[in-house]
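# Summary of structural features
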Amino acid sequence: LDPQTPYAEASKSTSAIDYLQFPNQTLDYLAGDCDDLSVLYASLLEALGVPTAFVTTPGHIFPVFALSAPAEEAARTLTRPEYLILQDGRAWLPLEATLRGAGFLAAWESGAQQWRRAQAAGSQGFIPVRAGWGTYAPVGFAAGAEPKLPDPSALRAAFRKQVNAFVRRELAPKEAELKRELQQQPSDPKVLNKLGVLYARFGQNDEAREAFQKAVAVREYAPSLMNLGNLHFLDGRFKEAQSLYERAERLEPENPRLLLAL
């Protein structure tokens, strides 16, 4: 906690002015309370062009950021849509910034739970950062020494670990459901194609290719031919991609997606 004005205490008073650290101060001090960590997290994302907002609950504040997918698509795609905040036509992902060592998924779950509790009690606040800039203009600040950057290899390893954990959580239940369907219809190219699409959505391209190939082995199935072509296209193997698209076109000559692919 900020030793001078911890947010939990300062937020109770309508006349108190809380002290906020600039992001580079938090990096320099390696310390800060929930408002300082929220400002740091939001500033890093805003520097990359990702819209952010602050959520306030009684005695607390944490950041949220907007997903690139439309709200309806994000809610439909994720296995836990209740972990999102659907606001202003966007899907926002809440994050408990003080859970620094618990991992991304734990911080996401904590932020979502706090939002739901506060929303049920009618005590939540939602402040988009860019709207806040219209009220409180940025101020000048003379930056000090550059913060020490983390070890790149350790950072990449930590990032991969969290991405893999997310993929496992999202992929596993849908994969199990489709595999149950395949046990009942082992030669259904439609189900095999759905499984391939699921793998491809989460970057499991080798598994996706295998599922599409199994579907095509059953019969010439246009969606799987096109999806196989897409994988070849992503790999830069354009002649192979074209050949697959042309096979699919013979089955569906008026398919606009195939014409676009070609």
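Residues numbered from 1 in each chain as written. Predicted model: local features only at pLDDT ≥ 70, side-chain atom pairs only at ≥ 80, totals over all residues. Heavy atoms only, no water.

Summing up its helical and strand segments, the protein chain has 12 helices and 5 strands in all. Scaling as 2.2 N^0.38, a compact globule of 262 residues should have a C-alpha radius of gyration of about 18 Å, whereas the protein chain reaches 24 Å, well beyond that. Seen along its three principal axes, the alpha-carbon backbone of the protein chain occupies a region of about 70 × 40 × 35 Å. Residues classed as buried in the protein chain amount to 37% of the 262 residues present. (Helix = DSSP H or I, 4+ residues; strand = E, 2+ residues; numbered from the N terminus. Rg over C-alpha atoms; globule rule 2.2 N^0.38 Å. Buried < 20%, exposed > 50% of the residue type's maximum accessible area, 1.4 Å probe, protein only.)

Relative to the 18 Å expected for 13 residues at 1.5 Å per residue, helix α10 (residues 222-234) spans 18 Å between its end C-alpha atoms, a close match to the ideal helical length. Along α10, the residues that are buried comprise Ala222, Ser224, Leu225, Met226, Asn227, Leu228, Gly229, Leu231 and His232. In this structure, the buried residues of α10 make contact with α8 (189-201), α9 (205-218), α11 (238-251) and α12 (256-261). The first or second residue beyond α10 is Gly236, which carries a positive phi of 80 degrees. (Expected span 1.5 Å × (residues − 1). Contact = heavy atoms within 4.5 Å.)

A few words on the sheet that holds strand β1 (residues 52-57). Taken together, 5 strands build an open sheet; the order of strands is β3-β4-β2-β1-β5 and the sheet is antiparallel. The open sheet terminates on both sides in strands that have one partner only, identified here as β3 (85-87) and β5 (125-128). On average, each strand axis in the sheet is inclined to that of its neighbour by 35 degrees, with strand direction left out of account. The pairing of strand β2 (residues 60-70) with strand β4 (residues 90-94) spans 4 bridges and is antiparallel. (Pairing = 2+ DSSP bridges. Axes fitted to C-alpha atoms, helices over the stretch in contact; angles between N-to-C directions.)

Applying the stated criterion to the full structure yields 7 aromatic pairs. For the ring pair Trp108 and Phe166, a centre distance of 6.2 Å and an interplane angle of 35 degrees mean the geometry is tilted. Of the two residues, Trp108 sits in helix α5 (residues 104-121) while Phe166 sits in helix α7 (residues 152-184), which places them 58 residues apart along the sequence. Judged by relative accessible area, Trp108 falls into the buried class, the value being 2%. With relative accessibility at 22%, the residue Phe166 sits in the partly exposed group. Taking 5.2 Å as the distance between ring centres and 65 degrees as the angle between the ring planes, the aromatic pair formed by Phe233 and Phe238 counts as edge-to-face. Aromatic rings pair up to connect Tyr83, Phe104, Trp108, Phe166 and Phe202 into one cluster. Seen from the ring of Trp108, Arg169 lies directly overhead, with NZ or CZ sitting 4.8 Å from the centre. (Phe/Tyr/Trp six-rings, centres within 6.5 Å; stacked < 30°, edge-to-face > 60°. Lys NZ or Arg CZ within 6 Å of the ring centre and 35° of its normal.)

Turning to the pattern of salt bridges, a few remarks are in order. Under the defined criterion, the tally for this structure stands at 8 salt bridges. A salt bridge links Glu46 to Arg130, with the nearest nitrogen and oxygen atoms 2.9 Å apart. Of this pair, Glu46 sits in helix α3 (residues 34-47) while Arg130 is found in helix α6 (residues 129-135), placing the two residues 84 residues apart along the sequence. Note on Glu46: relative accessible area 13%, which makes it buried. Note on Arg130: relative accessible area 40%, which makes it partly exposed. The partner of Arg209 in a salt bridge is Asp206, and the shortest N-O contact between them spans 3.5 Å. Residue Arg209 and its partner Asp206 are located together in helix α9, separated by 3 residues, close to a single helical turn. Among the ionic contacts, a cluster of salt bridges with common partners joins Asp206, Arg209 and Asp235. (Salt bridge = Lys/Arg side-chain N within 4 Å of Asp/Glu carboxyl O.)

Mean pLDDT over the protein chain works out to 91, with 98% of the residues at or above the 70 mark. Mean pLDDT in the protein chain bottoms out at helix α1 (residues 7-10), which sits at 72, and peaks at α10, which reaches 97. (pLDDT = per-residue confidence, 0-100.)

Turning to α8, a few remarks are in order. At 3.6 residues per turn, the α-helix brings residues three or four places apart onto the same side. Taking 1.5 Å as the rise per residue, α8 with 13 residues should run 18 Å; its terminal C-alpha atoms sit 18 Å apart, in good agreement. When α8 is considered as a whole, its buried residues turn out to be Pro189, Val191, Leu192, Asn193, Leu195, Gly196, Leu198 and Tyr199. The opening residue of α8, the one whose side-chain oxygen lies 2.9 Å from the backbone nitrogen of Lys190, is Asp188. Gly203 lies just past α8 and shows a positive phi near 75 degrees. (Polar contact = N/O pair within 3.5 Å; in protein donor to acceptor, adjacent residues only side chain to side chain.)

Moving on, we come to the environment of Ala248. Looking at where Ala248 falls in the secondary structure, it is placed in helix α11. C-alpha separation for the pair Ala248 and Ser38, spaced 210 residues apart in sequence, amounts to 50 Å.

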